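# Observations on chain architecture
The residues making up each chain are set out below.
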Amino acid sequence: MKSEGRAQACKNLILGLCITGFAAAQSISIAAARDPNQDLTERTMATAEHVLGPCRFSIASMFGGEFRVPRPDSSPPQQGAYYLPITGPMAFLAGGFGVFCVDATEERITSALNAKYVGGHWQRYGPVNGPEFVPFEKLANVRTVPLKGANWTGMAYTEDDTTGDERRRARVFHFCLIHNARALCGNTPVKWLADRKTRSDLDRIQAILESVRFLDSPTPTGASAESGATTLGR
C-alpha cells in the first residue's frame, strides 16, 4: 500500500510540473504577443555596408527598416534613405529619413544642420541683410540631442515648427555624424505637435544612427552601393 501511495504521489508531482511548465510557456508566449519589442530585442540584427558618395559605413537594420541608396550613380551630393514601416506596431510617423554625405568643414556642417552651435546655444541663419546668425524663437523649443558613436562625433538638435498649419507642425530632428573629413547628415520629423498622443520617433531614430560605424578601408573596385551583410548577435 505504501509503495502504491508513493507511486501515485510521484505521478501527481510529474503531472503538476508538466502543468506548471505549460502554464509558464503560455505566459511567455502571451507576453511576447503583447510586447512587439520583445522579439526585436532578442533576435539578431543584420548590418550591411554602404557607400554614399565619399562616405563608406555600416548601419544596422532595426525596427523593421533598412538603409538603401536608390540612385548610387547620381550626381553628388548623393542621397540615401532609411526606410521604416508606417503601419503596424513599429510604425513611424514619417516612414523613414534621408541621409547624405558632406565634407566635414564648418561651413558644410552648418549648412547641413541649418544652424550653428555658438557659445552653448543653437542659432539659426539670420534674415536677409541682417546678422548672419540669430537665436531661435523661444517657441521653437530647441534642444540638443546627445549621440554616441563607435568612431564618430555627433552634432544634433530638435526644433519645433512655429509657422504654417498648426495641425501639420512637427518636431524636427537635425543630425550630423562626423568622422575625420566626412559627415553623414540628415533631418526628419519625429513628432506631430498637435497630437499629444503621437509617440515620438526620436529614441528609435537615435538607436538606428548610433549603430553607424564608418569604414576607412578602400572600397573594392566595382563594389556596389550595398555590399555584403553580417549578423550581429544581441
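Residue positions are given per chain, counted from 1 along the sequence in the order it is written. pLDDT decides what is reported in this predicted model: residues at 70 or higher carry local features, side-chain atom pairs at 80 or more are listed and counted, and totals for whole chains, interfaces and linings draw on all residues regardless. Side-chain metrics rest on all non-hydrogen atoms present in the structure, leaving aside hydrogens and water.

### Points about the side chain of H174
Mapping H174 onto the fold places it in strand β11 (residues 170-179). Throughout this description, a polar contact denotes any pair of N or O atoms lying within 3.5 Å of each other; where both atoms belong to protein, one of them has to be capable of donating a hydrogen while the other can accept it, and for residues adjacent in sequence the pair is counted only when both atoms sit in side chains. Within the structure, H174 has its side chain in polar contact with the side chain of E159 (distance 2.9 Å). Working rule for contacts: check all heavy atoms of both residues, and any pair within 4.5 Å makes them a contact. Beyond its immediate stretch of four places on either side in the chain, H174 contacts L113, M155, A156, Y157, E159, G186 and N187. Secondary structure follows DSSP: runs of H or I at least 4 residues long count as helices, runs of E at least 2 residues long count as strands, and numbering of each begins at the N terminus.

### Some words on the pairing of strand β10 (residues 153-160)
Any two strands with at least two DSSP bridges between them are considered paired. Pairing analysis gives two bridges linking strand β9 (residues 143-144) to β10, with the strands arranged antiparallel. When the bridges of β10 are listed, T144 appears paired with Y157.

### Side note on the nonpolar core
For this analysis, a nonpolar core means a set of buried residues of the types Ala, Val, Leu, Ile, Met, Phe, Trp, Tyr and Cys, connected via side-chain atoms within 4.5 Å. Relative accessibility under 20% of the residue-type maximum defines a buried residue, over 50% an exposed one, and the middle range a partly exposed one, all with a 1.4 Å probe and only protein chains included. With 31 residues, the main nonpolar core has F97, F173 and L184 as its most contacted residues. Counting only elements with at least two residues in this core, the list comes to β2 (55-60), β5 (96-103), β11, β12 (182-192) and α4 (202-209). Filtering out sequence-adjacent residues up to four positions away, F173 remains in contact with V145, L147, A156, Y157, T158, G186, N187, T188, V190, L202, I205 and L209. Membership of the second largest hydrophobic core comes to 15 residues, among which are F100, V102, V142 and C185.

### A closer look at the pairing of β2
Across the six residues that make up β2, a large majority, six, are buried. Side-chain alternation along β2 places C55, F57 and I59 on one buried face and R56, S58 and A60 on a second face that is also buried. Relative to strand β13 (residues 213-214), β2 runs antiparallel, the two sharing two bridges. Residue F57 lies in a different strand from β13, and its bridge partner there is F214.

### Notes on helix α3 (residues 106-113)
Along α3, the residues classified as buried are I109, T110, A112 and L113. Viewed along the axis of α3, the buried residues span an arc of 165°, placing them on a single side of the element. In the stretch just after α3, N114 is the one whose phi turns positive, near 60°. Here the arc refers to the set of directions running from the helix axis out to each C-beta atom.

### As for the sheet that holds strand β8 (residues 133-135)
Here we have three strands laid out as an open sheet, ordered β6-β7-β8, and antiparallel in their pairing. Edge strands, defined here as strands with exactly one partner in the open sheet, are β6 (116-118) and β8. Averaged over all neighbouring strand pairs, the angle between strand axes comes to 50°, with direction disregarded. Bridge analysis of strand β7 (residues 121-125) against β8 gives three bridges, and the strand direction is antiparallel. Bridged to R124 within β8 is V134. Where α3 meets the sheet, its contacts fall on β6, β7 and β8, and the angle it forms with β7 comes to roughly 85°. An axis is simply a line fitted to the C-alpha atoms; with a helix, the fit covers only the stretch in contact. Between two such axes, the angle follows the N-to-C directions and lies from 0 to 180 degrees.

### Topic: the sheet that holds β5
Strand order in the open sheet made by the seven strands is β3-β4-β5-β12-β11-β10-β9, with antiparallel pairing throughout. Of all strands in the sheet, those bounded by a partner on one side alone are β3 (66-68) and β9. In terms of strand pairing, β5 meets β12 through four bridges, oriented antiparallel. From the neighbouring strand, F100 faces β12, where its bridge partner is C185. The strands touched by α3 within the sheet are β5, β10, β11 and β12, with β11 carrying the most contacts at an inclination of about 160°.

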